[in-house]
Amino acid sequence: MRNWLSMTGICTIIVCSLIAPPPLSSTSTVFGQAFPPDEPFNGLRINYDISGVALDAPEDREGFTTTRSYTGVAQPGTMKVEGSGSTEGGWEATLSVRLSGGGEQVEEEWTFEAPGSKDFSFSVPVPEEGGASFRIQLTGRFSLAGAGSPRTTRGLRVSGSFKSGSAAPSEPGDYDPPPPTEEATISQEEAREQLLREYSAIERGPHLLGPTVNLLSIVNSSYADYVCGAWQSRVLDTLHRLQWGSPSQRAIFDHYDYAPFQSALGGHQFVVIWEKGTDWRETGTVLDPWVRQRPRTYTIREHREAMGALGFGYRPSELYEGQYPATGGDSYPGPEWEEEFPEEHRQILKRMTPEQRQDYFSYTHPQDRQQFIDALPRRFTESTAVAVHSPVRMLISDSEGRRVGWTGQTTFVHEIPGAEIGPIPEDDQGQGMVARLPLDDYEVEITGTAEGSFGYTRALPDSVTANTLLHKDQVSIEPGQKFTYNLSRERPDGDLTGPDGLTKQLTPLTTAELGSMETAPGMEAGQPADVPPATGDTGGLQVGTGAEDGRVIGAADHFERTDSVTGVATYEDLPDDTTAVAVWTLNGDELTRGERAIGGTGWVSFSIATQEGDDLPPGRYTLTITAGDRRLGRKTFTIGAERRGEAAPTAATDQGATERAPATPTAQLAITDPAENESISANQRIRGTAPPGSRVRVTVRYWYRVLVEGYARLHEKELTADDAGNWATEELDMRPPLSGMSRSYRIKVEQLADDGAVAQEQQIEVEGK
């Protein structure tokens, strides 16, 4: 077995010899198995015994971290792992041991000086179903020759993943294959339902569209966890866990394959599942939470439509080449295959050269990997972004002449490593583009494709400029006309330059303004995962015609007719005797509510039904289930033909709950000034009528076009109608926060009941002068 203290890349100028501190005395217990079996690996050795399992022959792999992995059968009862980790040289070593089984996990870590050792002994229960696993990791820290030279790490790992079975426990050195064990068998429909249930349980991102998140990730690092590559990693982690989970979870993959994929020549990353033995291009289901920042499924065709012109180039992801069936691999990664890299490191790895990635992977200690990342040039660790609206196409060139974007009407290039591309759908069937790029100097070229106006936004980190976000809206352009922008770190706040040297100054935009904007229409293709999630906190509450063992029967978003509806929410880690409250509304009015005591981890169901067995009335319903200040789920559904504004009936009651009659309006709510489609002034008072003494809420939203299109809130006022039923706001400043914004507005007024529910509402649209 080779020692792996050779270095490449940044360490090639260093003579690679070991420098050790003075030796210390040490003793160690001897155990039945040793890894490596012949001689220590850079002075490292793991001694171990495993009992309660029947072992297959181990698989050994050499590398900077040299590994041994086992599979086999765990005897229901107890699995015990004991042994020691030792080092003969270097500075110090870190030993970590982790066991899992029967819903229990044991994990300990020790650091000791060299030479030295540490003994361990742990056990976990092995259930009848589910198996057990263990991992022993020993990482040594060494110094390369030379005064002040850096330290490097090398490591050993012994791990195993075992299925529950009835084979006899193994003795040390017993490598005979275990007898076959009975596997779980599920139908294809059950496999898909279980897979999508786990997928839908993934925690949701911010209430924004993917392109907006990509832009905000430049100026706020917390959004980096929600760019497309981060979502892809999260989905793969979920599928890995199922792939190596309980027998029923593993049985999912008797029916389905999965793999990471990309579009836009690698600019967008996602995951596809498909039925075994079929062509993913025809039967694939795309799992892509990035678009709506929540788990969502698409057919391949729906996903192409959502991506628009940027949906071309669908193929297995180049980032995972050879690791999955669709990428040329013949099996999935094992449970110990993937390293636990921080998400921010994964983004940077995509920008590295192959030599730099090799250097990064040579380190096995998280602190050393972080130091390696910190030493990289800023173009690898920081980002910039630009976004443009139609009717234009955009081409971006970096300082080395590499490009990403449109070189012609139908030709797209993606030559910049680490560039991420996202579509911006627009109501006129056009499409803009957002590009998230490594920090560098870029030349941005914008070419008109039709007569109209476009919007442009650029983002830079605060280490470059105080104006992290700049924007310009409604820039007039004609077919073939060009605008350019010098995205330079030396001149970060430049202007758009157009025909004949015409310049357009960009306006600063705050993250609060962008982050508070409501998500726009568009990118609506695809459906939420159509099964209840594992935890209600994801907001995946489902309703159907009944429930059984925590599962909804006949789950749907619309019912032609029904005499009862049941909703189920699941929850985790709630204190005992927590009160769950369910509120049902019909057409905005509260219909009924109920409550139950819950606690721990489990599920709760609530139902409504007609008292006389007739069908529930048609309309738009909402069920919200809360526990204290925690929302377990919210679901909106319809029955029959929706009739907005119809008074809520009193026939439906929550089973086991006290019946509540909805508030009934006593006079018509109305906006009397301004009128529908009227042109309003920059300072406007809004007037109207309502039942005398009632509470009224007035909300003004303006139409915006910054990265995505939609309505953002400008004003919200609560007031009380006088004794004559009249109300009026003070004079409101109707100017949008950014110059150049289109001045279209929606004004909504709502009458509020005593409990805050909306009794009636009216909405109009007006234009600015």
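As the structure is a computational prediction, the values presented were derived from the model and not from experiment.

(A) Inspection of the overall build of the protein at higher detail. Counting its regular elements, the protein contains eleven helices and 50 strands. Only carbon and sulfur atoms are counted for the fraction: they give 44% of the accessible area of the protein, which is about 33,400 Å².

(B) Representation of the sheet that holds strand β23 (residues 431-438) within the structure. The six strands are arranged β22-β23-β18-β25-β26-β30 in an open sheet whose pairing can be described as antiparallel. Every other strand in the sheet has two partners, leaving β22 (420-425) and β30 (507-508) as the edge strands with one partner each. Taken together, the six bridges between strand β18 (residues 383-388) and β23 define a ladder with antiparallel strand orientation. Its bridge partner being in β23, Ser-383 is matched across the sheet by Pro-438. Strand contacts of helix α2 (residues 210-219): β18, β22, β23, β25 (452-459) and β26 (469-477), with the helix running at about 30° to β23, the strand carrying the most contacts.

(C) Main features of the sheet that holds strand β47 (residues 726-728). Taking strand neighbours across the sheet as the criterion, the three strands line up as β41-β44-β47 in an open arrangement whose pairing is antiparallel. Edge positions in the sheet fall to β41 (670-673) and β47, since each has one partner strand and no second. Averaged over all neighbouring strand pairs, the angle between strand axes comes to 30°, with direction disregarded. Here three bridges tie β41 to strand β44 (residues 687-689), and the two strands are oriented antiparallel to one another. Bridge pairing links Ile-671 to Gly-688 in β44.

(D) Here's a closer look at the environment of Tyr-363. Note that Tyr-363 resides in the loop between α8 (354-362) and α9 (366-374). For Tyr-363, a relative accessible area of 8% puts it in the buried group. On a C-alpha basis, the gap between Tyr-363 and Thr-139 in space is 9.7 Å, while along the polypeptide they are 224 residues apart.

(E) Up close: the packing of aromatic side chains. In this structure the tally under the stated criterion is 16 aromatic pairs. An angle of 80° between the planes, with centres 5.0 Å apart, marks the rings of Trp-406 and Phe-412 as edge-to-face. Looking at Phe-412, the relative accessible area reads 8%, which means it is buried. Pairing Phe-454 with Phe-483 gives two aromatic rings, centres 5.6 Å apart and planes at 65°, and the pair type is edge-to-face. Highlighted residues: Phe-454 in strand β25 and Phe-483 in strand β27 (residues 482-487), separated in sequence by 29 residues. Take Phe-454: its relative accessible area is 0%, and that puts it in the buried class.

(F) Up close: the pairing of strand β20 (residues 403-406). Pairing geometry for strand β19 (residues 392-397) and β20, over three bridges, is antiparallel. Bridge pairing in β20 links Leu-395 to Gly-405. Here β19 hands over to β20 after five residues, with Gly-401 in that stretch at a positive phi of 85°. Here β20 pairs with strand β21 (residues 412-414) via three bridges, running antiparallel. Looking across to β21, one finds that Gly-405 is bridged to Val-413.

(G) Expanded view of α2. Burial analysis of α2 places ten of its ten residues in the buried class, which makes it a mostly covered element. Within α2, the full set of buried residues consists of Gly-210, Pro-211, Thr-212, Val-213, Asn-214, Leu-215, Leu-216, Ser-217, Ile-218 and Val-219.

(H) A look at the environment of Ala-74. Inspection of the secondary structure puts Ala-74 in strand β6 (residues 65-74). Taking the C-alpha atoms as reference, Ala-74 lies 5.9 Å from Gly-165; in sequence the two are 91 residues apart. Beyond its immediate stretch of four places on either side in the chain, Ala-74 contacts Gly-52, Val-53, Val-126, Phe-162, Lys-163, Ser-164 and Gly-165.

(I) Quick look at the packing of helix α1 (residues 188-200) against helix α3 (residues 228-243). Between α1 and α3, the shortest axis-to-axis distance is 10 Å and the interhelical angle comes to 135°. Taken together, α1 and α3 sit at an angle that is classed as oblique. Relative to α3, the crossing made by α1 is right-handed. Residues Leu-195, Glu-198 and Tyr-199 of α1 form the contact with α3, whose participating residues are Val-235, Thr-238, Leu-239, Arg-241 and Leu-242. When the residues that make up the contact of α1 with α3 are grouped by side-chain class, the tally is five nonpolar, one polar and two charged.

(J) Structural view of the nonpolar core. Counting residues in hydrophobic clusters, the biggest one holds 48 residues, and the most contacted among them are Leu-195, Val-272 and Leu-287. Elements supplying a minimum of two residues to this core: α1, α2, α3, β13 (256-263), β14 (268-275), β15 (285-287) and α6 (300-307). The element contributing the most residues to this core is α3, with six residues. With 32 residues, the next largest nonpolar core counts Val-392, Met-433, Ala-435 and Tyr-442 among its residues.

(K) Just the pairing of strand β49 (residues 744-752), in detail. Among the nine residues in β49, eight count as buried, and that is most of the element. With nine bridges joining them, β49 and strand β50 (residues 758-768) adopt antiparallel strand pairing. Opposite Ile-747, over in β50, you have Ile-764 as the bridge partner. Counted along the chain from β49 to the antiparallel partner β50, the turn is five residues long, and its residue Gly-756 has a positive phi close to 90°.

(L) Just α6, in detail. Taken as a whole, α6 has its buried residues at Ile-300, His-303, Ala-306 and Met-307. Buried residues of α6, viewed axially, fall in a sector of 120°; they line one side. Turned more than 90 degrees from where α6 packs its buried face, Arg-301 and Glu-305 sit exposed. Buried residues along α6 sit in contact with β14, α5 (280-283), β15, β16 (296-299), β22 and β23.

(M) Summary view of the environment of Thr-562. Tracing the backbone through its elements, the reader meets Thr-562 in the loop between β35 (558-559) and β36 (564-586). Each C-alpha atom, one on Thr-562 and one on Pro-618, is 9.6 Å from the other, the two residues being 56 residues apart in sequence. Setting aside residues no more than four positions away along its own chain, Thr-562 makes contact with Thr-545, Asp-615, Leu-616 and Ile-639. Engagement of the side chain of Thr-562 in a polar contact is seen with the backbone oxygen of Ser-564, the distance being 2.8 Å.

(N) Here's a closer look at the packing of α8 against α9. Contact geometry of α8 with α9 gives a least axis separation of 9 Å together with a crossing angle of 150°. Taken together, the axes of α8 and α9 lie roughly antiparallel to each other. Residue-level inspection shows Gln-356, Asp-359, Tyr-360 and Phe-361 of α8 in contact with α9, the latter providing Arg-369, Phe-372 and Ile-373. By residue class, the composition of the contact of α8 with α9 is four nonpolar, one polar and two charged.

(O) Spatial organisation of the confidence of the model for the protein. For the protein, mean pLDDT is 78; residues scoring 70 or higher make up 80% of the total. Least confident of the elements in the protein is strand β1 (residues 18-19), whose mean pLDDT is 36; most confident is strand β24 (residues 442-448), at 96. Confidence over residues 519-525 falls short of pLDDT 50; this stretch has 27 contacts with residues more than four positions distant or in other chains. Within the model, pLDDT remains below 50 along residues 642-666, and this stretch shows 63 contacts once partners closer than five positions in the same chain are excluded.

(P) Summary view of the side chain of Thr-578. Within the secondary structure layout, Thr-578 lies in strand β36. For Thr-578, a relative accessible area of 14% translates into the label buried. Sequence-distant contacts of Thr-578, defined by excluding residues within four places in its chain, comprise Arg-596, Ala-597, Ile-598 and Ala-627.

(Q) Broad picture of unusual backbone geometry. A cis amide bond links Ser-390 to the next residue, Pro-391, at an omega of 15°. For Pro-391, the position within the fold is in the loop between β18 and β19. With an omega of 5°, the peptide bond running from Asp-673 to Pro-674 counts as cis. Summarising the element assignment, Pro-674 is placed in the loop between β41 and β42 (679-680).

Reading the values: the criteria
Residues numbered from 1 in each chain as written. Predicted model: local features only at pLDDT ≥ 70, side-chain atom pairs only at ≥ 80, totals over all residues. Heavy atoms only, no water. Helix = DSSP H or I, 4+ residues; strand = E, 2+ residues; numbered from the N terminus. Areas by Shrake-Rupley, 256 points an atom, 1.4 Å probe, with all protein chains shown as cover. Pairing = 2+ DSSP bridges. Contact = heavy atoms within 4.5 Å. Axes fitted to C-alpha atoms, helices over the stretch in contact; angles between N-to-C directions. Buried < 20%, exposed > 50% of the residue type's maximum accessible area, 1.4 Å probe, protein only. Phe/Tyr/Trp six-rings, centres within 6.5 Å; stacked < 30°, edge-to-face > 60°. Parallel < 35°, antiparallel > 145°, perpendicular 65-115°, else oblique. Left-handed = near helix turned anticlockwise from the far one by under 90°. Nonpolar A, V, L, I, M, F, W, Y, C, P; charged D, E, K, R; others polar. Core = buried A, V, L, I, M, F, W, Y, C linked by side-chain atoms within 4.5 Å. Arc of directions from axis to C-beta. Polar contact = N/O pair within 3.5 Å; in protein donor to acceptor, adjacent residues only side chain to side chain. pLDDT = per-residue confidence, 0-100.

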